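What follows is the residue order along each chain.
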Amino acid sequence: MKLLILDRDGVINHDSDAYIKSLEEWIPIAGSIEAIAQLSKAGWTVAVATNQSGIARGYYSLDTLEAMHARLRALVAAEGGEVGHIVYCPHGPDEGCACRKPKPGMLLAIAEQYRVALDGIWFVGDSKGDLEAALAVGAQPVLVKTGKGEKTLSKGVTQDTLIFDDLAAVARALI
Ligand SMILES: O=P(O)(O)OC[C@@H](O)[C@H]1O[C@@H](OP(=O)(O)O)[C@@H](O)[C@@H](O)[C@@H]1O
Ligand SMILES: [Mg+2]
Ligand SMILES: [Zn+2]
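In the nomenclature of an unreviewed UniProt entry, the protein is known as D-glycero-D-manno-heptose 1,7-bisphosphate phosphatase of Pseudomonas hunanensis.

See below:
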């Protein structure tokens, strides 16, 4: 199967150093909804793996998080596509969970969900932790320059990292 895994904040929607705390703050990056829909219509399964420590920090509720993901699904559906499995880590950095990136727990959960291996599967992110999670399980690290991507790039990435301007450019490369 054609599986693509996306980070959320800074890849699908704009990110903020103050966290994305409400549905109103969840604003798609230009071209990202259309990119997901086009990929989906081209036979790709598009899954999402996102750290959401704002839950543990008490910045927003699980209901609010689910409302953001319902909005994502509705916007992609309106373009004729669909979003696959969305996995999130609600834990804080000090909880030692297995799912918070750069740990690969969420990628492994998605692989198990679809009963596929992660070798070479593209994981598109904007942060160093996204790239490290991909490398930890043999997936293909892909960096976009949106969100924290430019900052991540400026600090240096591994040679095998693929780099694109944004998610729309990733979709163009795959379709
Ligand atoms: O990019 P994804 O994984 O979809 O989500 C990132 C968010 O959970 C937040 O992650 C936080 O990192 P800490 O969790 O505080 O280390 C900060 O980077 C915030 O700016 C950011 O909005
Ligand atoms: Mg991100
Ligand atoms: Zn976790």
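Draft legend 1. Local environment of the sheet that holds strand E5 (residues 140-144). On the basis of which strands lie adjacent, the open sheet formed by six strands has the order E3-E2-E1-E4-E5-E6 and parallel pairing. For this open sheet the edge positions go to strand E3 (86-89) and strand E6 (162-164), each flanked by a neighbour on one side alone. This sheet shows a mean twist of 20° between the axes of neighbouring strands, independent of strand direction. Packed onto the sheet, helix H1 (residues 32-41) meets strand E1 (2-6) and strand E2 (44-51) and runs at close to 140° relative to E2.

Draft legend 2. Representation of the side chain of Gln52 within the structure. Among the secondary structure elements, Gln52 is positioned in the loop between E2 and helix H2 (53-56). For Gln52, a relative accessible area of 2% gives the class buried. In this structure the side chain of Gln52 is engaged in a polar contact, spanning 3.2 Å, whose partner is the side chain of Asp9. Among the polar contacts made by the side chain of Gln52, one reaches the side chain of Thr50 at a distance of 2.7 Å. If we skip the residues at most four places from it in the chain, Gln52 touches Arg8, Asp9, Tyr60, Leu65, Tyr88, Cys89 and Pro90.

Draft legend 3. Looking closely at the side chain of Asp166. Within the secondary structure, Asp166 sits in the loop between E6 and helix H7 (167-174). Among buried Asp, Glu, Lys and Arg side chains, Asp166 stands out as unpaired, with Arg172 the closest opposite charge at 4.5 Å. When neighbours within four sequence positions are excluded, Asp166 is seen to be in contact with Val144 and Thr146.

Draft legend 4. Focus on the pairing of strand E4 (residues 122-125). Going residue by residue along E4, you find Trp122 and Val124 tucked away on one face and Phe123 and Gly125 tucked away on the opposite face as well. For E1 and E4, the ladder comprises two bridges, and the chain directions are parallel. Within E4, the residue paired with Leu6 across the bridge is Val124. In this structure, E4 lies alongside E5, joined through four bridges in parallel fashion. Of the residues in E5, the one forming a bridge with Gly125 is Leu143.

Draft legend 5. Molecular detail of the coordination of the magnesium ion (ligand 2). Within the first shell, the magnesium ion (ligand 2) binds the protein through Asp7 (OD), Asp9 (O) and Asp126 (OD), at distances of 2.1 Å. Within one chain, the residues serving as donors to the magnesium ion (ligand 2) are arranged as D-x1-D-x116-D. Just as Asp7 is buried, Asp9 falls in that class too.

Conventions and cut-offs
Residues numbered from 1 in each chain as written. Chains lettered and ligands numbered in written order. Predicted model: local features only at pLDDT ≥ 70, side-chain atom pairs only at ≥ 80, totals over all residues. Heavy atoms only, no water. Pairing = 2+ DSSP bridges. Helix = DSSP H or I, 4+ residues; strand = E, 2+ residues; numbered from the N terminus. Axes fitted to C-alpha atoms, helices over the stretch in contact; angles between N-to-C directions. Contact = heavy atoms within 4.5 Å. Buried < 20%, exposed > 50% of the residue type's maximum accessible area, 1.4 Å probe, protein only. Polar contact = N/O pair within 3.5 Å; in protein donor to acceptor, adjacent residues only side chain to side chain. Lys, Arg positive; Asp, Glu negative; His and termini not counted. Salt bridge = Lys/Arg side-chain N within 4 Å of Asp/Glu carboxyl O. Donors = N, O, S within 2.8 Å, 3.2 Å for Na, K, Ca; no water.

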